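Chain and residue survey
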Amino acid sequence: MSDEREIRIQRLHELREQGVNPYPNAVERTHTILEIVQHFDELVGPQGSFTLVGRVRLLREMGKAAFAKIEDGTASIQIYFRINDVGEQAYQGIKLLDLGDFIQVSGFLFVTRTGERTLHVKHYRILAKGLRPLPEKYHGLEDKELRQRKRYLDLIANGDEAKQVFITRSRIITAMRHYLDAQGFIEVETPILQPLYGGATARPFVAHHNALDRNLYLRIAVELYLKRLIVGGFERVYEIGRNFRNEGIDRSHNPEFTMMECYQAYADYNEIMHLTEEMIAFIAQEVKGSTRITYQGTEIDLAPPWSRIPLLDAIAEFTGIEVNNYPSKESLAAVMCANGYEADPKFGRGRLIDDLKGEIFRKGIPALRQALFLIDYPLDVSPLAKQHREIPGLVERFQPFIGGLECGNAFTELNDPVDQRARFEDQMRQRAQGDDEAQVLDEDFLEAMEIGMPPTGGLGIGVDRLVMLMTDQESIRDVILFPTLRKTAEEQ
RNA sequence: GCCCGCGUAGCUCAAUGGCAGAGCAGCGCACUCUUAAUGCGAGGGUUGGAGGUUCGAUUCCUCUCGCGGGCACCA
């Protein structure tokens, strides 16, 4: 490795000795390569003069002529050097060029004998010298670890395919903003460093602020801050931002991930369900040109309306367990074990029901791979959601599932401060019993709610998972440019 | 955290209880329309790391690090 680097450094010195600056400040460029490629037929001919820039991706020397391929951010094109045209001295300079160098080339356009559109170079100069070799040109970079650790190499070596995921990601977020803005939502920014964390069931990362000499938490959700803004009189707010949860890493979890949360005053979860399916269908239409997507081999139509399935009905249908027949956690745990499911006795009844939810998705049932809403969840695992208007023990909560991926969470927000305090106190009891993921009581938030919070519907969407769906990626690490990884051997 | 799999040259991959190989990249030479250019030549490795078994380990065993998959946890 250092061999090749040494050689390139040597060439760098040679360039400097010849009075050439290998890293000039100013660049000339008349066209992007894409502009040239798209209008080639109009521009072709020996009278033309075009100046392009790009990275050298291929270099074939043939004695007194040479072909290369350069690539800018838009496209790539073949270029042709001939000793008669660039001059002997400049031609010898090609020997100091390496794959990966950036160059600026000027010349006219022609078509080679074999039909390749090519720039015939009259003048060139180096724009930036690369000191390390690029990944192999044919197979590209296939090592998943290297692709993630050194994303720049992935983007170079695997080209359009690698870039497309992240271009689509950007478009998805843009489309999401357009949709919400058009619905009258305003985008806000709330603290990432929080004195108390809340809004989700998760362990936080802890940071220390030196000047204040206190710990702050990286947010696990933005929920409680957005609700304060609803109290403050904003009717529709949203935030798209990073959340941090101190938990394991797997195909659908990264410790830092992007979530969109929105809150709409005077709405309930039925209206939010409508918003959710409309928004995701809109995004698909904008990004894919269709509401139909294929995820991991399954065709999914995101066009509304999606089916709405009460959670307990789904569990009954796909596990045979009628949860309502087992009103205590002991009886539910017993029937779960009898049916071959694990039931950890330290969990509450709602949590057992939530586990059954996980089980039905693990079965890979085709009906559950479409876009759907599971609705009406147990109260004790939903401390921020309002009690169901008709069914005791449940709350008005739903989760959108697409392709079997849980990609959000929403409810009719609890706005009764007395009930909210009781729910927090229940969470604190669970915390005292050793559940370190139970939510913590936020007195300032309760005070806000006591000022008066209108009936409100709220939604959180896991943006990374939405990107996975729209780009047909099986791992969240493939839709995050720099996913969280372990330390390398050198770092330890 | 637990279980399974993987880790060989810069990249993509072979191989074997007995001298570790190929293609691409790099180096030298030749070649004025190439297309993963071609031909000739010479290089390149602590086989992730540490230890053990063995006359001999890259191969077998133990530990460890990293990656992937599954489980657990969560979204």
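This write-up is about the structure you can find in this document. The structure displayed is predicted, hence computed values, not measured ones. (Residues numbered from 1 in each chain as written. Chains lettered and ligands numbered in written order. Predicted model: local features only at pLDDT ≥ 70, side-chain atom pairs only at ≥ 80, totals over all residues.)

Considering the overall build of chain A
Scanning chain A for helices and strands turns up 16 helices and 19 strands. For 492 residues, the compact-globule estimate of 2.2 N^0.38 gives 23 Å, and the C-alpha radius of gyration of chain A, at 29 Å, exceeds that figure by more than 25%. A principal-axis box enclosing the C-alpha atoms of chain A has dimensions of 90 × 50 × 50 Å. Considering chain A as a whole, with its 492 residues, one finds that 34% of them fall into the buried category. Long-range pairs, those at least 24 residues apart, make up 62% of the contacts in chain A with a sequence separation of at least 6. (Helix = DSSP H or I, 4+ residues; strand = E, 2+ residues; numbered from the N terminus. Rg over C-alpha atoms; globule rule 2.2 N^0.38 Å. Buried ≥ 20, exposed ≤ 12 C-beta atoms within 10 Å, placed from the backbone. Contact = placed C-beta atoms within 7 Å.)

Some words on the environment of Ile 353
Relative to the elements of secondary structure, Ile 353 occurs in helix α13 (residues 349-362). Spatially, the C-alpha atom of Ile 353 lies 71 Å from that of Arg 16, the residues being 337 residues apart in sequence. Beyond its immediate stretch of four places on either side in the chain, Ile 353 contacts Val 323 and Pro 378.

A few points about the sheet that holds strand β8 (residues 206-209)
Strand order in this open sheet of 3 strands is β7-β9-β8, and the pairing throughout is antiparallel. The two strands at the open ends of the sheet, each matched to only one other strand, are β7 (193-194) and β8. For β8 and strand β9 (residues 214-218), the ladder comprises 4 bridges, and the chain directions are antiparallel. Across the sheet, His 208 pairs through a bridge with Asn 215, a residue of β9. (Pairing = 2+ DSSP bridges.)

Some details on the pairing of strand β3 (residues 76-82)
Alternating residues of β3 divide into Ile 77, Ile 79 and Phe 81, all buried, and Ser 76, Gln 78, Tyr 80 and Arg 82, none buried. Pairing of strand β2 (residues 65-71) with β3 involves 7 bridges; the strand directions are antiparallel. Bridged to Ala 68 within β3 is Ile 79. Once β2 ends, the chain turns through 4 residues before running back antiparallel as β3.

Structural notes on the pairing of strand β12 (residues 292-295)
Here β12 pairs with strand β13 (residues 298-301) via 4 bridges, running antiparallel. Opposite Tyr 295, over in β13, you have Thr 298 as the bridge partner. Adjacent in sequence and paired antiparallel, β12 and β13 are bridged by 2 residues, among which Gln 296 carries a positive phi angle near 50°.

Any link to function would need more than the numbers given here.
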